[in-house]
Number of protein chains: 2
Amino acid sequence: MLELFYAAHTCALASHIALEEAGADYRIVRVDFSSDGQRKPEYLAINPKGRVPALVTQRGILTETPAILAFVAQTYPGARLAPLDDPFAFAGVQAFNSYLCSTVHVAHAHRMRGSRWVDDPAAIAAMQRKVPQSVGECFGLIEREMLAGPWVMGSAYTICDPYLFTLAQWLDGDGVDIARFPKVRDHRQRMSERAAVRTAIAAELA
Amino acid sequence: MLELFYAAHTCALASHIALEEAGADYRIVRVDFSSDGQRKPEYLAINPKGRVPALVTQRGILTETPAILAFVAQTYPGARLAPLDDPFAFAGVQAFNSYLCSTVHVAHAHRMRGSRWVDDPAAIAAMQRKVPQSVGECFGLIEREMLAGPWVMGSAYTICDPYLFTLAQWLDGDGVDIARFPKVRDHRQRMSERAAVRTAIAAELA
């Protein structure tokens, strides 16, 4: 059985939803961020980066959301979560997810995780002030250029969808009004109605 | 023929080396960062993000280094640049590349691209001061936990290798002494002796 190490309200939700959509045999294991559980030796033995998600498989441990999402899609091809037989289309899926991890998530992280990149409290506060703008610009680009609709890649639901949904959950906290992005807003609503999404969120908050 | 839009001294080098290793039919097209060419309408029509690399294919345009690298590996399977038939091993490759794009490149970017995340000049200076530490910590983790040797994934050369090499080129400018990381240092040296790497670097600087 697969084990997904997660914390609520983190990007681990994307992998969780994908496992649920795939019909995988898995269970989730909570990492308690409130007591800094991600930095304890027991967890660092699983993921030396001290981050979530981490997926424990029979072969070993996988980290990084885009890698886990592609692994789920390839391991459960019957769920049709990515265009596995078309390298160009698969690269499009991966490019979207790579943008989310390297640019969108990073812009968001400057609100709560600024100490990764700076020590000065005034600089951390200055970073936080720019988050609505930087995150807003990312979602502006997604709205204009990337989200084909009704799903990210068009008519086919893929591993891009749970990942976008997960990051779009953070917009309110980031001070970005989702109403500026009608396609993103409709996507988030559409996702929130899926059984797999409801199941995953309920399990994380239980 | 594939066209790779690049600028010298950027992460586009990783995709360039991979194309060369794969024996692909491609040419490179320079984007002039010194005149802000990446923000001109002609280039934004190719990549609305205003970044490099961008790979123009017969099917359309691809962006984001991890996606382009996996595309090259899948499109030229004879070059054996990734474990394409093993989803777990392929996910390991992708996890490494995802870490490079979302954490290592981002730490580095706080030296020259701080205005992405903050406006205050004092905060930008404070960010720059932490780059040696944050980039150093990333490479410490790579040294201890990730670089199997002689190549990143062990005995097989993969798309992880040109990407690590590319980011390791920046260590000196980031104020990090590569001698602290003997495996990374040896990897960089080993890479610099490969014909594909020499060809790609010479072409970019020509």
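These remarks concern the structure in this document.

**Examining the sheet that holds strand β4 (residues 61-63) of chain A**
Residue and element names in this part refer to chain A.
Inference 1: Taken together, four strands build an open sheet; the order of strands is β2-β1-β3-β4 and the sheet is mixed. Bordering the open sheet on either side are β2 (26-30) and β4, each of which pairs with just one other strand. Averaged over all pairs of adjacent strands, the angle between strand axes in this sheet comes to 25 degrees, irrespective of strand direction.
Inference 2: The pairing of strand β3 (residues 54-56) with β4 spans three bridges and is classified as antiparallel. Each residue of the ladder has a partner; that of L55, found in β4, is L62.
Inference 3: Running over the sheet, helix α1 (residues 12-22) touches β1 (2-6), β2 and β3 and is turned about 155 degrees from β1.

**Some points on empty space enclosed by the protein**
Inference 1: Enumeration according to the criterion identifies two cavities of 30 Å³ or more in this entry.
Inference 2: Roughly 70 Å³ of volume is contained in the largest cavity.
Inference 3: Only α3 (65-75) and α4 (87-112) of chain A together with α3 (65-75) and α4 (87-112) of chain B provide two or more residues apiece to the lining of the largest cavity.
Inference 4: Here the second largest cavity is characterised by a volume of approximately 30 Å³.
Inference 5: In this structure, the second largest cavity is lined by V104(A), H105(A), H108(A), V135(A), F139(A), L167(A), W170(A), L171(A) and D174(A).

**A few points about the nonpolar core**
Inference 1: In terms of nonpolar packing, the biggest core is built from 116 residues, with F139(A), I142(A), V184(A), F139(B), I142(B) and V184(B) touching the most fellow members.
Inference 2: Ignoring sequence-local partners within four residues, the contact set of V184(B) consists of F139(B), I142(B), E143(B), L147(B), A168(B), L171(B) and I178(B).

**Things to note about the packing of aromatic side chains**
Geometry of an aromatic ring pair is reported as the spacing of the ring centres plus the angle between the planes.
Inference 1: A full pass over the atoms with the stated rule returns nine aromatic pairs over all chains.
Inference 2: A ring pair is formed by F5(A) and Y43(A), whose centres lie 5.8 Å apart and whose planes are at 50 degrees; its orientation type is tilted. Within this pair, whereas F5(A) is found in strand β1, its partner Y43(A) is found in helix α2 (residues 41-44), the two being separated by 38 residues in sequence. We note that F5(A), like Y43(A), is buried.
Inference 3: A ring pair is formed by F90(A) and F90(B), whose centres lie 6.5 Å apart and whose planes are at 35 degrees; its orientation type is tilted. With F90(A) in helix α4 and F90(B) in helix α4, this residue pair bridges two chains. The same class applies to F90(A) as to F90(B), namely buried.

So, how was this worked out
Residues numbered from 1 in each chain as written. Chains lettered and ligands numbered in written order. Predicted model: local features only at pLDDT ≥ 70, side-chain atom pairs only at ≥ 80, totals over all residues. Heavy atoms only, no water. Pairing = 2+ DSSP bridges. Helix = DSSP H or I, 4+ residues; strand = E, 2+ residues; numbered from the N terminus. Axes fitted to C-alpha atoms, helices over the stretch in contact; angles between N-to-C directions. Contact = heavy atoms within 4.5 Å. 1 Å grid on protein atoms, 1.4 Å probe; cavity = no way out; pocket = protein on both sides within 12 Å on 5 of 7 lines; lining within 4 Å. Points joined across faces, edges and corners; volume = space filled by probe spheres on them. Core = buried A, V, L, I, M, F, W, Y, C linked by side-chain atoms within 4.5 Å. Buried < 20%, exposed > 50% of the residue type's maximum accessible area, 1.4 Å probe, protein only. Phe/Tyr/Trp six-rings, centres within 6.5 Å; stacked < 30°, edge-to-face > 60°.

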